[in-house]
Amino acid sequence: DGVVTLNVSEIRAIHLVAGGKILIQGYQLVQLNADGSVDTSFGTNGIAQLPSGFSWSGRASSVVLDNEKIVVAGYRYVGSGTYNNGQYSYSDYDMALARYNADGTLDVTFGPGGADGDGVVSLALSSYEQTYGLALDSSDPSDQRLVVYGYRQTYSPTSTATTSTWVVSRFS
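On a predicted model such as this, the values are computed, not experimentally measured, just so you know.

A. Representation of the environment of Thr109 within the structure. Relative to the elements of secondary structure, Thr109 occurs in the loop between strand 8 (87-100) and strand 9 (120-123). Classification of Thr109 as partly exposed rests on a relative accessible area of 44%. For the pair formed by Thr109 and Gly119, sequence separation is 10 residues and the distance between their alpha carbons is 6.3 Å. One polar contact links Thr109 to Asp107, side chain to side chain, over a distance of 2.5 Å.

B. Representation of the side chain of Asp137 in the model. Within the element layout of this structure, Asp137 appears in the loop between strand 10 (128-136) and strand 11 (146-155). Among the polar contacts listed, one links the side chain of Asp137 to the side chain of Arg170, at a separation of 3.0 Å. Among all residues touching Asp137, those that are not within four sequence positions of it are Asp143, Arg145, Val147 and Arg170.

C. Geometry of the packing of aromatic side chains. Enumeration according to the criterion identifies three aromatic pairs in this entry. When the ring of Tyr132 is compared with that of Tyr151, the centres are 5.3 Å apart and the planes differ by 65 degrees; the resulting orientation is edge-to-face. Taken as a pair, Tyr132 in strand 10 and Tyr151 in strand 11 lie far apart in primary sequence, 19 residues in all. Each member of the pair Tyr132 and Tyr151 is classed as buried. Note on Tyr151 and Trp166: the rings are 6.2 Å apart at their centroids and 70 degrees apart in plane angle, and the pair reads as edge-to-face. In this pair, Tyr151 is assigned in strand 11 and Trp166 in strand 12 (residues 162-171), connecting sequence segments 15 residues apart. Owing to a relative accessible area of 14%, Tyr151 belongs among the buried residues under this scheme.

D. Seen up close, the nonpolar core. Residues Val63, Val71, Leu97, Leu134, Leu146, Val148 and Phe171 are the most contacted members of the largest nonpolar core, which totals 14 residues. Those elements that provide at least two residues to this core are strand 7 (70-84), strand 8, strand 9, strand 11 and strand 12. Excluding residues within four positions of it along the chain, Leu134 makes contact with Ser61, Ser62, Val63, Val71, Val72, Ala73, Leu97, Leu146, Val147 and Val148. Within the second largest apolar cluster, 13 residues are counted, among which are Phe42, Ala48, Trp56 and Val120.

About the cut-offs
- Residues numbered from 1 in each chain as written.
- Predicted model: local features only at pLDDT ≥ 70, side-chain atom pairs only at ≥ 80, totals over all residues.
- Heavy atoms only, no water.
- Helix = DSSP H or I, 4+ residues; strand = E, 2+ residues; numbered from the N terminus.
- Buried < 20%, exposed > 50% of the residue type's maximum accessible area, 1.4 Å probe, protein only.
- Polar contact = N/O pair within 3.5 Å; in protein donor to acceptor, adjacent residues only side chain to side chain.
- Contact = heavy atoms within 4.5 Å.
- Phe/Tyr/Trp six-rings, centres within 6.5 Å; stacked < 30°, edge-to-face > 60°.
- Core = buried A, V, L, I, M, F, W, Y, C linked by side-chain atoms within 4.5 Å.

Given below as structure tokens:
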């Protein structure tokens, strides 16, 4: 009947990838085969989880590069964290990109550390940043640079005032 039912909390992006497969981004990545069945060769039984300390809000997005690698925009928890009433609270968030290989494994060559990296690039500008979107820079098709946008907030240590600004950054 052409209908697939998934047990996921939400869907934020859908990509058609090689082999007629369907990549779904929600709070994790899920890949389906062309017939709608879960692609169990992707990630762990069809699901790729977030890297440690990484999250994406309902606003963040993903892109699939020409080399079939998957980049997801979100944010990374840094600084000290506390746990209260079932919620984590962190003193700092950084805009972040995580990159996955086509098979759903984290691409540890992405970001600082080269082959020993953790697959995540962070952009630390102030005390709190969050990513809202991600796109490919189409000005040069041979160079798939990423453009990410979001906002940052800076807190005043002497009052409850905050300063919020929008941020656009391009990654090579």
